[in-house]
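# Per-entry structural report
Okay, here's what each chain looks like letter by letter:
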Amino acid sequence: MPKSTIRVGTTEGRFRMIMPTLMRQFKEMYNDYDIRGIIGNAEQLREMLENGELDIAFSGISPLAPECIEKEFLFDERLYLVVSEQMLQKYFPDRYPQCVEEFKRGADIREFSKMPFCRSLPNLHCMQILDHLLEREGITLDCVHTSGHFDLHQQMTQENLAACFSLSMYLPHLHELNLYSDNKLLVFPIKDLTENNPVYILTNKDKAYVEGTDEFKHLLKNAVKDLEVSDG
């Protein structure tokens, strides 16, 4: 009897951070099913779900999503400010290290406006959230690098090339970087940033149910719980 194949879609960054481990766990626990990982942005994932090219996805939701796309809230990603210890010491020489505890209660982005920054792509919801805050505060950041690779931003920050921003999904990678460097990356909540980046499990209610989908959902929800522990 042929195995059921579950086609799972997510964005490139989330794929890199979470899908290899999820796919391995799924194959070890549910040998009766095959799993395929597919990458796309929110709009591409919506189109693939609508056309029956995916069985399940997890990402932000496209504003063009039709009624057939069912969404199940997964978790709210928070956006953090990430600065290396050495850059913090350089830009706050009279306040370091006491300022670390202060910034842990909420870093005022206006105090960091003289630092160079890495940023993600402007069409991402998390960057739109950040831009709302910057516009409200009348701040322009000195952006020295723009890409969709949050893990690369963290590496550049550890090399003192820039400060950056990180979603909850990427904090485990940051903690790994800190294991191998004396220049630790420090993570701060951003003062007055009240919006979060919601992530959903997405399916198409008009397409046939594929066996194994619920099992994958269960693994995904457990992985998110682990991320929330890291986030806290």
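It should be noted that the structure appears before, not after, this text.
## Focus on the pattern of salt bridges
A complete count under the given rule lists 16 salt bridges for this structure. Glu72 is paired through a salt bridge with Lys217; the nearest N and O atoms lie 3.5 Å apart. Placement of Glu72 in strand 4 (residues 69-77) and of Lys217 in helix 8 (residues 213-231) is noted, with a sequence separation of 145 residues between them. A residue is classified by how much of its surface remains accessible, and Lys217, at 17% relative accessible area, is buried. For the salt bridge of Glu137 with Arg110, the shortest nitrogen-to-oxygen distance reads 3.6 Å. A residue pair is termed long-range when its members are at least 10 positions apart, and Glu137 in helix 5 (residues 125-137) and Arg110 in the loop between helix 4 (98-104) and strand 6 (116-119) qualify at 27 residues. Its relative accessible area of 43% is what places Arg110 among the partly exposed residues. Linked by salt bridges that have partners in common, Glu43, Arg46, Glu47 and Glu50 make up one network.

## Quick notes on the packing of aromatic side chains
Per the stated rule, a full pass over the model turns up 10 aromatic pairs. Between Phe26 and Tyr30 the ring centres are 5.2 Å apart and the planes differ by 45 degrees, which places this aromatic pair in the tilted class. Side by side, Phe26 and Tyr30 carry an identical accessibility label, which is buried. Between Phe150 and Tyr170 the ring centres are 4.8 Å apart and the planes differ by 35 degrees, which places this aromatic pair in the tilted class. Within this pair, whereas Phe150 is found in helix 6 (residues 150-158), its partner Tyr170 is found in the loop between strand 8 (164-167) and helix 7 (171-179), the two being separated by 20 residues in sequence. Each member of the pair, Phe150 together with Tyr170, is buried. One aromatic cluster is present, formed by Phe26, Tyr30, Tyr33 and Phe216 through successive ring pairs.

## A few points about the pairing of strand 6
Alternating positions in strand 6 separate into two faces, Pro116 and Cys118 on one and Phe117 and Arg119 on the other, with burial throughout. Across four bridges, the pairing between strand 6 and strand 7 (residues 142-146) is parallel. In the sheet register, Phe117 faces strand 7, and the bridge partner there is Cys143. You can see the chain leave strand 6, run along helix 5 and come back into strand 7, and the turn it takes is right-handed.

What counts as what
Residues numbered from 1 in each chain as written. Predicted model: local features only at pLDDT ≥ 70, side-chain atom pairs only at ≥ 80, totals over all residues. Heavy atoms only, no water. Salt bridge = Lys/Arg side-chain N within 4 Å of Asp/Glu carboxyl O. Helix = DSSP H or I, 4+ residues; strand = E, 2+ residues; numbered from the N terminus. Buried < 20%, exposed > 50% of the residue type's maximum accessible area, 1.4 Å probe, protein only. Phe/Tyr/Trp six-rings, centres within 6.5 Å; stacked < 30°, edge-to-face > 60°. Pairing = 2+ DSSP bridges. Right-handed = clockwise from strand over helix to strand, strands pointing away.

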